[in-house]
Amino acid sequence: MEYINNELHFGPKKKNLSSLCANYIRPIYVYDLDFIRSRFQQLAEALAGVRLYFAVKANPNPQVLQCLKSAGAGADVVSLGEIKRALESGFLPEDIVYSGVGKTRHEITEALQLGVLQINVESLPELQRIGEIAEKMGKKAQVALRLNPDVSIQTHPYIATGLRDNKFGMELSMIPALSDCLKKNTNSLELVGVSLHLGSQMLEFSGYQEALIKLKASFLSLQKDFPTLRRFDFGGGLGVVYEKQDFERESSLLKEYSAITKDILSDLKCELQSEPGRWLVAHAGVLLTQVQYIKKTSAKTFVIVDSGMNHLIRPSLYEAEHQILPLVQSNKKIKCDVVGPICESSDFFLKDYEMGQVEEGDYLAVLDSGAYGYSMASTYNLQELPLEICI
Ligand code: LLP
């Protein structure tokens, strides 16, 4: 992201963002596919030997998915909707890992019918349900046990998933009951993997390291009973730096993450799987929005734009701070709250933010919104969804 002749340019090919606003009618998410490809290559190199399953929930745009499929990714999905989107975008059933705590009978039946690679199971009743359905269908379901190591990571509590008071995964003390169920259903259930996902936006890895050590021990002891156990899925969660573009810091975090992973898992002699979402796509997306009003009160200057929590809910939900830059640079600065049109006081992007001066009709770029942006957008207040453009 840089200004060239005072105009904001984006991505490895330095696309002039103003040119995309020529026929502007409503907010636009712009995704740079070269950027996504280069992020994928960087991650694939750092985690050489690991199969990467892109977490579709981060960005289910069909062109983004096609791009990642052709770069060599598989897909990590959490609903029948995501399975369908992945298949429509070129993924094969054998590229798909299916996670999620609430899989319905209908979803499980469809997943088995299609023959997805692996179902990551999140509870004993789910394992029983999968066994029952597969039995009726005359199929053998390939399952991985998502284990919850009861480990905390430093992130927003709403996106931490690896503690025992989270709904995700199964406590290690459940392993005997799970083993019993697997042994009773050898016709319909095949244990192929152990899986883990501690949460999202991890920038510090001591909890991750502790969890890998715990799960490695579980993997080895399960393997004695189940020789079919051959995959270790260590989930997603690698964070990105939102405050200010800092690719150097990100690449040293990536090094640390991959060193820990390899150090603990490389002697397991099994397939390693990962489910990255944010790291691949966050920086590769920006949200373009237009200034509608500059409203001054005795307390504040509000820059009111035509996009808000309906299009990018991360600031309202997780107190996330996405940098905002005007598409045309100004020497003068203002301090303002950048807010949307939605009838909620939580509808803001940034508060008390110093930014180049803007006027009604100008455009702003909300940075790093390629992950969990459009995928979490809503039509609240019956505002239209934003557009999406891939460059
Ligand atoms: N695997 C599983 C089972 C997951 O639940 C998730 C994300 C991922 C992989 C990918 O995690 P990532 O690499 O993207 O951190 N809406 C929140 C993030 C929620 C993440 C949900 N699960 C946000 O905007 O920060």
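The shown structure was predicted, so the numbers you read here are calculated from the model rather than taken from an experiment. (Residues numbered from 1 in each chain as written. Predicted model: local features only at pLDDT ≥ 70, side-chain atom pairs only at ≥ 80, totals over all residues. Heavy atoms only, no water.)

**Some words on the site of the ligand**
Put simply, the rule reads: Each residue is tested against the molecule or strand, and it is near if at least one of its non-hydrogen atoms lies within 4 Å. Polar contacts, as used here, are pairs of N or O atoms within 3.5 Å; protein pairs need one atom able to donate a hydrogen and one able to accept it. Residues neighboring in sequence count only if both atoms are side-chain atoms. Think of a 1 Å grid over the protein atoms and nothing else: a 1.4 Å probe that fits but is trapped marks a cavity, an open set flanked by protein within 12 Å on at least five of seven lines marks a pocket, and residues with an atom within 4 Å of a point count as lining. The rule for placing a molecule in a cavity or pocket is simple: more than half of its atoms must lie within 2 Å of the grid points. The nonpolar class holds Ala, Val, Leu, Ile, Met, Phe, Trp, Tyr, Cys and Pro. Asp, Glu, Lys and Arg form the charged class, and all remaining residues, Gly among them, are polar. Segmentation of the chain into domains, including their bounds, is taken from an automatic or database domain assignment.
Close to the ligand lie 18 residues; Ser200, Glu275, Arg314, Tyr318 and Tyr372 are nearest. A distance of 3.4 Å is found between an oxygen atom of the ligand and a side-chain nitrogen or oxygen belonging to Lys57. In the model, an oxygen atom of the ligand is placed 2.6 Å from a nitrogen or oxygen of the Tyr372 side chain. The site holding the ligand turns out to be the largest pocket. When the residues that make up the shell around the ligand are grouped by side-chain class, the tally is six nonpolar, six polar and six charged. Counting contributing residues, the shell around the ligand receives three or more from each of domain 1 (2-30 + 284-390) and domain 2 (33-281).

**Quick word on the packing of aromatic side chains**
Formally: Here a pair means two rings of Phe, Tyr or Trp (six-membered ring of Trp) with centres within 6.5 Å. Their orientation is stacked below 30 degrees between planes, edge-to-face above 60, and tilted elsewhere. A helix here means a DSSP run of H or I that spans at least four residues, while a strand means a run of E at least two residues long, and both kinds are numbered starting from the N terminus. Think of it in three bands: with a 1.4 Å probe and only protein chains considered, a residue is buried below 20% of the maximum accessible area for its type, exposed above 50%, and partly exposed in between. The rule is short: NZ of Lys or CZ of Arg within 6 Å of the ring centre and within 35 degrees of the ring normal puts a charge over the ring.
A complete count under the given rule lists 10 aromatic pairs for this structure. Considering the side-chain rings of Tyr29 and Tyr374, the 6.1 Å spacing of their centres and the 80 degrees angle between planes classify their relative orientation as edge-to-face. Within this pair, whereas Tyr29 is found in strand β4 (residues 28-31), its partner Tyr374 is found in the loop between β19 (363-366) and β20 (387-390), the two being separated by 345 residues in sequence. By relative accessible area, Tyr29 is classed as buried at 0%. Taking relative accessible area as the criterion, Tyr374 reaches 25% and is therefore assigned partly exposed. Aromatic side chains Tyr208 and Tyr257 sit 4.9 Å apart centroid to centroid with 25 degrees between the ring planes, which places their arrangement in the stacked category. Residue Tyr208 is located in helix α7 (residues 206-225), and its partner Tyr257 is located in helix α8 (residues 247-265); the two are separated by 49 residues in the primary sequence. Each member of the pair, Tyr208 together with Tyr257, is buried. Between the NZ or CZ atom of Arg39 and the centre of the ring of Trp279, over which it lies, the distance is 3.6 Å. Arg51 extends its terminal NZ or CZ atom over the ring of Tyr53, reaching a point 5.2 Å from the ring centre.

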